[in-house]
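Architecture and fold: a report
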Amino acid sequence: MSLVTFKEIFPQARREKRAVGAFNVANYEGALGAIRAAESEKLPVIIQVYMRLFHSDKGADLAGTLLRMAQRCNQPVVIHLDHGESIEQVQKALEAGYSSVMYDGSRLPFEENLRITATASELAHRHGASMEGEIGHVAQGDDSVLTSVEEAIEFARGTHVDALAVSIGTAHGYYHTAPRIDHQRCQELSEALPELPLVLHGGTGTPLEDVRKAIEHGICKVNIATEYMDTFLKSTRRELEKLDGKFLPVDKMMDPVVDDCAAHAARLLRFFAGK
Ligand SMILES: [Zn+2]
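To keep things clear, this report deals only with the structure shown in the data block. (Residues numbered from 1 in each chain as written. Predicted model: local features only at pLDDT ≥ 70, side-chain atom pairs only at ≥ 80, totals over all residues.)

Some details on the environment of Val199
Short version of the rule: Helix numbers and strand numbers start at the N terminus; a helix is a DSSP run of H or I with at least 4 residues, a strand a run of E with at least 2. In this description, any two residues whose backbone-derived C-beta atoms lie within 7 Å of each other are considered to be in contact.
Looking at the element boundaries, Val199 is found in strand β7 (residues 198-200). Beyond its immediate stretch of four places on either side in the chain, Val199 contacts Glu132, Ala163, Leu164, Ala165, Val166, Ile219, Lys221 and Asn223.

So this is what it looks like as structure tokens:
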């Protein structure tokens, strides 16, 4: 049994200036890649499901598979809702057994974000799950707003989140031009909140030396969605081209895809852990 929450993995990571990789998955094979990577590297992993999958039954259906995988994994595994958009959605994920949830109110006015995140946080803790909130805004097809240190302090105090997503210059998706990371802001946030694990969204394409510095400044969770899913897509395309229209049972066709995902996740888990 190794389904855990942030509370079991982050305090030590924060002290040791390490981060844990959080990989977005939408199916069994993506999740299997992350689980294999955790076992091969002997490191914890976070498997997360984007809120869109909760617009249908996908998010809850997947939980059955993900929970079973976490429980049989010999390393700590967090099953996390990514960018939860409402209390109802957070509730849905908690009822499905997710051990951790995010509520993202980063587009809302400060007071409203604080109020809803605090409610979500209370709900998560009542379920024995951990809670991530976001202050400032990491661009998602819009513009970023850097996290203010004063707001971060007030937000953390008012919401009791277990991890805080901060905006320090990254953006979601692939970059068109290299991002400029505000390391000084990250350091100030880390010094102002020395106990609180910080989260870096928009890990895809962020230069690894920037990620390393950010980890030294309190980042404990690095989200990898786009590039991990892209590995899955590219690998699947390659396997289909090899088949050239011939039949192969789907599980066999997917085996090399899982290998590619596992190799990708392992490389990042190692790097985030400073190995
Ligand atoms: Zn994100």
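Now that the structure has been shown, the text picks up again.
With respect to the pairing of strand β4 (residues 100-103)
Here is the rule: Put plainly, a residue is buried at 20 or more neighbouring C-beta atoms within 10 Å of its own, exposed at 12 or fewer, and partly exposed in between, counting only other residues' C-beta atoms, which are placed from the backbone. Note: two strands are recorded as paired if DSSP finds a minimum of 2 bridges between them. Orienting the strands away from the viewer, one traces the path from the first strand over the helix to the second; a clockwise path indicates a right-handed crossover.
Alternating residues of β4 divide into Ser100 and Met102 and Val101 and Tyr103, and every residue in both groups is buried. Relative to β4, strand β3 (residues 77-84) runs parallel, the two sharing three bridges. In the strand pairing of β4, Leu81 is matched with Val101. In terms of handedness, the path from β3 via helix α4 (residues 87-96) over to β4 forms a crossover that is right-handed.

Thoughts on the sheet that holds strand β6 (residues 163-166)
For the record, the criterion: Axes, fitted as lines to C-alpha atoms, cover a helix only where it is in contact. Angles between the N-to-C directions of the axes lie from 0 to 180 degrees.
Spatially, eight strands are ordered β1-β2-β3-β4-β5-β6-β7-β8 in a closed barrel, and the strand pairing comes out parallel. When strand polarity is set aside, the average angle formed by the axes of neighbouring strands in this sheet is 25°. As defined by bridge partners, β7 adjoins strand β8 (residues 219-224) across three bridges and the pair is classed as parallel. Considered in β8, the bridge of Leu200 is made with Val222. The strands touched by helix α1 (residues 6-15) are β1 (20-24), β3, β4, β5 (130-135), β6 and β8; relative to β8, the strand with the most contacts, the crossing angle is about 120°.

Quick notes on the nonpolar core
The condition is simple: A set of buried Ala, Val, Leu, Ile, Met, Phe, Trp, Tyr and Cys residues, joined through C-beta atoms within 7 Å, is what we mean by a nonpolar core.
One finds Ala34, Val45, Ile47, Val77, Val101, Leu164 and Ala265 to be the most contacted residues of the largest nonpolar core, which totals 82 residues. With residues up to four places along the chain from it excluded, the contact list for Val101 reads His80, Leu81, Gly84, Val90, Ala93, Leu94, Ala120, Ala124, Ala129 and Met131.

Comments concerning unusual backbone geometry
Phi is mostly negative for residues that are not glycine, and the peptide bonds are mostly trans. One non-glycine residue, His83, adopts positive backbone phi at about 60°. Tracing the chain through its elements places His83 in strand β3. His83 gets classed as buried once you count the C-beta atoms within 10 Å, which come to 25. In this structure, Asp244 is a non-glycine residue whose phi angle is positive, near 50°. Mapped onto the elements, Asp244 comes out in the loop between α9 (226-243) and α10 (250-272).

Remarks on α10
For clarity, the threshold we go by: Multiply 1.5 Å by the residue count of a helix minus one, and that product is the helix's expected span. Across the chain, bend at a residue is computed as the angle between axes fitted to the seven residues ending at that point and the seven starting from it.
With 23 residues, α10 should reach 33 Å at 1.5 Å per residue; the first-to-last C-alpha distance of 33 Å fits that figure. Of all bends in α10, the biggest is about 30°, found at Pro256. Those residues of α10 that sit buried are Met254, Val257, Val258, Cys261, Ala262, His264, Ala265, Ala266, Leu268, Leu269 and Phe272. Lining the buried residues of α10 we find β1, α2 (28-41), β2 (45-50), α8 (208-216), β8 and α9. Backbone geometry just downstream of α10 places Gly274 in the positive-phi region, at approximately 75°.

Quick look at the pairing of β2
The element β2 is extensively covered by neighbouring structure, given that five of its six residues are classed as buried. Traced from β1 through α2 to β2, the parallel crossover comes out right-handed. Handedness of the β2-helix α3 (residues 58-72)-β3 crossover: right-handed.

Quick word on the packing of α2 against α3
Under the convention used in this document: Angle categories: roughly parallel below 35 degrees, roughly antiparallel above 145, roughly perpendicular from 65 to 115, and oblique for all the rest. Handedness of a helix crossing follows the sense of rotation of the near helix relative to the far helix, less than a right angle counterclockwise being left-handed and clockwise being right-handed. Classification used: nonpolar for Ala, Val, Leu, Ile, Met, Phe, Trp, Tyr, Cys and Pro, charged for Asp, Glu, Lys and Arg, polar for all others including Gly.
Where α2 contacts α3, the two axes come as close as 11 Å, and the packing angle between them is 15°. Here α2 is positioned roughly parallel relative to α3, judged by the angle of their axes. By crossing handedness, the relation of α2 to α3 is classed as right-handed. Along its contact with α2, which presents Tyr28, Ala31 and Ile35, the element α3 presents Thr65, Leu66 and Met69. Of the residues contributing to the contact of α2 with α3, the split by class is five nonpolar, one polar and no charged.

Observations regarding α9
Put simply, the rule reads: This arc describes the spread of directions from the helix axis toward the C-beta atoms.
Helix length check: α9 (18 residues) gives 26 Å between terminal C-alpha atoms against 26 Å at 1.5 Å per residue, within 8%. Of the positions making up α9, those classed as buried are Tyr228, Thr231, Phe232 and Ser235. The arc that holds every buried residue of α9, seen down its axis, measures 95°, which confines them to one face. Residues of α9 that are exposed and angled more than 90 degrees away from the buried face: Leu233, Lys234, Arg237 and Glu241. Elements in contact with the buried residues of α9: β1, α2, β8 and α10. A positive phi of about 50° marks Asp244, the residue just after α9.

Don't take any of this as a statement about function, it's just geometry.
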